[in-house]
Amino acid sequence: MPLPLSGRVAVVTGAASGIGAATARLLAERGAKVALLARRQARLDELADAVSAAGGEAIALPVDVTDPDALARAAAAVRERIGTADLVVAAAGSMLTAPFTTGRTHEWQRMIDTNLTGLVGTVHAFTPQLTEAAAAGRVADVVTLSSIASTAIAPNFALYCATKAAVSHLGRNLRTEFGPLGIRITTLEPGVVDTELMEHLDDPAASDWLQGLIKTIDVLTADDIAELVAFAAAQPPHVNLSQITVLPTQQA
Ligand code: NDP
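The paragraphs below set out a description of the structure included in this document.

Analysis parameters
- Residues numbered from 1 in each chain as written.
- Predicted model: local features only at pLDDT ≥ 70, side-chain atom pairs only at ≥ 80, totals over all residues.
- Heavy atoms only, no water.
- Core = buried A, V, L, I, M, F, W, Y, C linked by side-chain atoms within 4.5 Å.
- Buried < 20%, exposed > 50% of the residue type's maximum accessible area, 1.4 Å probe, protein only.
- Helix = DSSP H or I, 4+ residues; strand = E, 2+ residues; numbered from the N terminus.
- Contact = heavy atoms within 4.5 Å.
- Salt bridge = Lys/Arg side-chain N within 4 Å of Asp/Glu carboxyl O.
- Near = heavy atom within 4 Å.
- Polar contact = N/O pair within 3.5 Å; in protein donor to acceptor, adjacent residues only side chain to side chain.
- Areas by Shrake-Rupley, 256 points an atom, 1.4 Å probe, with all protein chains shown as cover.
- Nonpolar A, V, L, I, M, F, W, Y, C, P; charged D, E, K, R; others polar.
- Pairing = 2+ DSSP bridges.
- Axes fitted to C-alpha atoms, helices over the stretch in contact; angles between N-to-C directions.

Quick notes on the nonpolar core
Across soluble globular proteins, you tend to see nonpolar side chains buried next to one another. Of all hydrophobic cores here, the largest spans 38 residues; its most connected members are Leu27, Val34, Leu36, Val89 and Ile225. If you tally residues by element for this core, the top one is helix α1 (residues 18-29), at 7 residues. For isoleucine 225, the residues in contact, after removing those within four places along its chain, are Ile19, Leu145, Leu188, Pro190, Val193, Leu220 and Val246.

Observations concerning the pattern of salt bridges
Applying the stated criterion to the full structure yields 9 salt bridges. With its nearest N and O atoms 3.0 Å apart, the salt bridge here joins arginine 8 to aspartate 86. Taken together, the residues span a long stretch of sequence, with arginine 8 in the segment before β1 (9-13) and aspartate 86 in the loop between α3 (68-81) and β4 (87-90) at a distance of 78 residues. The exposure class of arginine 8 is buried, given its relative accessible area of 8%. Using a relative accessible area of 1% as the deciding quantity, one classes aspartate 86 as buried.

Things to note about unusual backbone geometry
With the exception of glycine, the majority of residues adopt a negative phi angle, and the majority of peptide bonds are in the trans configuration. Not every positive phi belongs to a glycine, and asparagine 156 is a case in point at roughly 80°. Locating asparagine 156 in the fold gives a position in the loop between β5 (140-145) and α5 (158-178). In this structure asparagine 156 comes out as partly exposed when scored by relative accessible area, which is 25%.

Thoughts on the site of the ligand
Among the 28 residues in the neighbourhood of the ligand, the closest are listed as Ile19, Arg39, Arg40, Tyr160 and Thr195. At a separation of 2.8 Å, an oxygen atom of the ligand approaches a polar backbone atom of valine 193. Here an oxygen atom of the ligand sits 3.4 Å away from a polar atom, N or O, in the main chain of leucine 197. For the ligand, whose accessible area on its own is 880 Å², the fraction buried by protein is 95%. At the level of elements, α1 and α5 are the ones that each hand at least two residues to the shell around the ligand. Residues that form the shell around the ligand fall into these classes: 14 nonpolar, 9 polar and 5 charged.

Points about the side chain of glutamate 196
Here glutamate 196 is to be found in the loop between β6 (183-190) and α6 (204-216). In this structure glutamate 196 touches Ser17, Arg40 and Arg43, once residues within four positions along its chain are discounted.

Details of the sheet that holds strand β2 (residues 33-38)
Strands sit in the order β3-β2-β1-β4-β5-β6-β7 across an open sheet of 7 strands; the sheet is parallel. Of all the strands in the sheet, the pair left with one neighbour each is β3 (57-62) and β7 (243-246). Each adjacent strand pair in this sheet contributes to an overall mean axis angle of 15°, direction not counted. Here β6 pairs with β7 via 4 bridges, running parallel. For glutamate 189, the partnering residue across the bridge sits in β7 and is threonine 245. On top of the sheet, α1 reaches β1, β2, β4 and β5; it is set at about 165° to β1, its chief contact. Contacting β5, β6 and β7, α5 crosses the sheet at an angle of about 160° to β6.

Dropping the structure here:
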């Protein structure tokens with residue numbers, strides 16, 4: 001029996017760790033050829049090797065998603081090496097928190113650059129391939145990693161929450177343009193997932209709160225999110241799982 005995603009050509013940003021890495025691994029297991037994008041080449045090479053050892057196909061493309069030229073080169077490399085992309089998962093992101101009054105403008109800029117500009121740049125770089133795939137009658141998907149933070153109100157997280165609200169609203173609006181072209185957009189809004197994301201926090205209050213949650217409740221895993229991406233991508237072409245909120249059962 002063919003695998004549910006065989007014939008698909010996937011691109012996953014943020015594939016060096018966490019949700020991106022787990023998603024790339026699962027998409028390859030389900031039959032997709034996968035391009036792995038992030039900045040840490042050694043991590044991507046290791047994952048590409050693991051995918052091919054398991055009988056799948058993956059290529060490592062070190063890219064900083066804040067660099068549009070690097071994204072354009074990656075898009076060309078995907079087309080040349082594994083074919084026209086029809087499934088783009090934009091998972092690259094960063095979460096840095098501090099009271100607004102501390103004015104850590106460089107951290108705000110980094111989140112805006114990665115979570116919003118980088119995500120928009122990723123979708124832009126692969127739009128010609130998605131359009132081409134859809135026009136040829138193939139299923140075409142964009143999956144974006146927003147967060148429950150897109151609607152949450154949380155002290156010290158204002159900029160992170162704002163970038164995620166922008167990602168969710170981008171999806172709602174882009175759907176009006178992409179839907180008629182046959183390209184689906186799925187916006188994922190997870191609650192707490194145990195990944196490296198928290199390790200970049202140096203604000204003790206935010207860090208203690210999140211680490212406390214991770215220790216006291218059964219939080220989501222990156223594999224849980226990967227399953228949702230694979231599920232959404234395997235739906236029939238007329239079914240767009242447009243927005244998925246997923247929380248740990250014990251997260252309020
Ligand atoms: P990780 O920190 O494990 O993953 C983030 C990934 O993004 C890394 O692979 C990192 O790789 C990559 N990345 C960061 N900056 C860039 C950049 N400039 N260019 C290219 N790649 C970049 O965290 P998660 O897996 O948890 O996060 C994935 C997404 O899920 C994020 O958008 C996050 O906001 C979102 N999310 C996470 C939740 C959680 O609780 N963990 C909950 C809700 C949403 P490298 O450093 O090698 O570039």
